[in-house]
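# Descriptive structure summary
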Amino acid sequence: MGKATVDLKKEHESILFVIKILDKMLSDDKKYATDKARYYNEVLYFFKMFVDQCHHGKEEKYLFEELVKSGLPAKEGLIEELVHEHDIGRDYISAMNISLKSGEMSLFHFAVVEYMEMIKLHIEKENNDLFKRADRLLDDAKQEQIYSKFEEHEEEVIGHGVHEELHSMIQKWAREFKVD
Ligand SMILES: [Fe+2]
Ligand SMILES: [Fe+2]
């Protein structure tokens, strides 16, 4: 068992690692367009499944909810701002999806760059502000309780199979684009 905020921080590391790989994918000029489109589709799958459904789902359904119960305002404050950024992220994911399907690569590039910039700032805000407040407001027992909800959520939303699949995809991209 581990603490909820430690788990989310670990996931932030994985998200930032994928963003680092994606940066290299975008600037790579050696791969064929069809190969790049395949990689972009895989990264988009990671954003949809891991970042949005799994990670943002854990935050919205469990952590934010507990923090509101512990006194953080749900509206007009950090929580509202973070939820709003999750929504903007969903819009970018949907723009990436549409543009990849229709082959409008300039729109795809625009959406992906905006998304990466936003997610990096969002993660910084959570690591440096939200999680510090969470660690002050929630005791160990509460953090453990949220963590077990996270485990259930993960199993329900992506399951062990998809988790393993995403993990091996990341390893493959890292090898292919020489990122460590
Ligand atoms: Fe978040
Ligand atoms: Fe997060």
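The paragraphs below set out a description of the structure included in this document. (Residues numbered from 1 in each chain as written. Chains lettered and ligands numbered in written order. Predicted model: local features only at pLDDT ≥ 70, side-chain atom pairs only at ≥ 80, totals over all residues. Heavy atoms only, no water.)

### With respect to the coordination of the iron ion (ligand 2)
Only His12 (NE2), His55 (NE2), Glu59 (OE) and Glu126 (OE) from the protein reach the iron ion (ligand 2) as donors, at distances of 2.0 to 2.2 Å. Summarised as a motif, the one-chain spacing of the donors to the iron ion (ligand 2) is H-x42-H-x3-E-x66-E. Separation of the iron ion (ligand 2) from the iron ion (ligand 1) amounts to 3.3 Å, with Glu59 serving as a shared donor to the pair. Within this pair, whereas His12 is found in helix α1 (residues 4-27), its partner Glu59 is found in helix α2 (residues 33-69), the two being separated by 47 residues in sequence. (Donors = N, O, S within 2.8 Å, 3.2 Å for Na, K, Ca; no water. Helix = DSSP H or I, 4+ residues; strand = E, 2+ residues; numbered from the N terminus.)

### Some words on the side chain of His12
Among the residues examined, His12 registers a relative accessible area of 1% and is labelled buried. Separated by 3.0 Å, the side chains of His12 and His55 make a polar contact. At a separation of 2.9 Å, a polar atom in the side chain of His12 contacts the side chain of Glu126. Excluding anything up to four places from it in sequence, His12 contacts His55, Glu59, Ile123, Glu126, Asn127 and Phe131. (Buried < 20%, exposed > 50% of the residue type's maximum accessible area, 1.4 Å probe, protein only. Polar contact = N/O pair within 3.5 Å; in protein donor to acceptor, adjacent residues only side chain to side chain. Contact = heavy atoms within 4.5 Å.)

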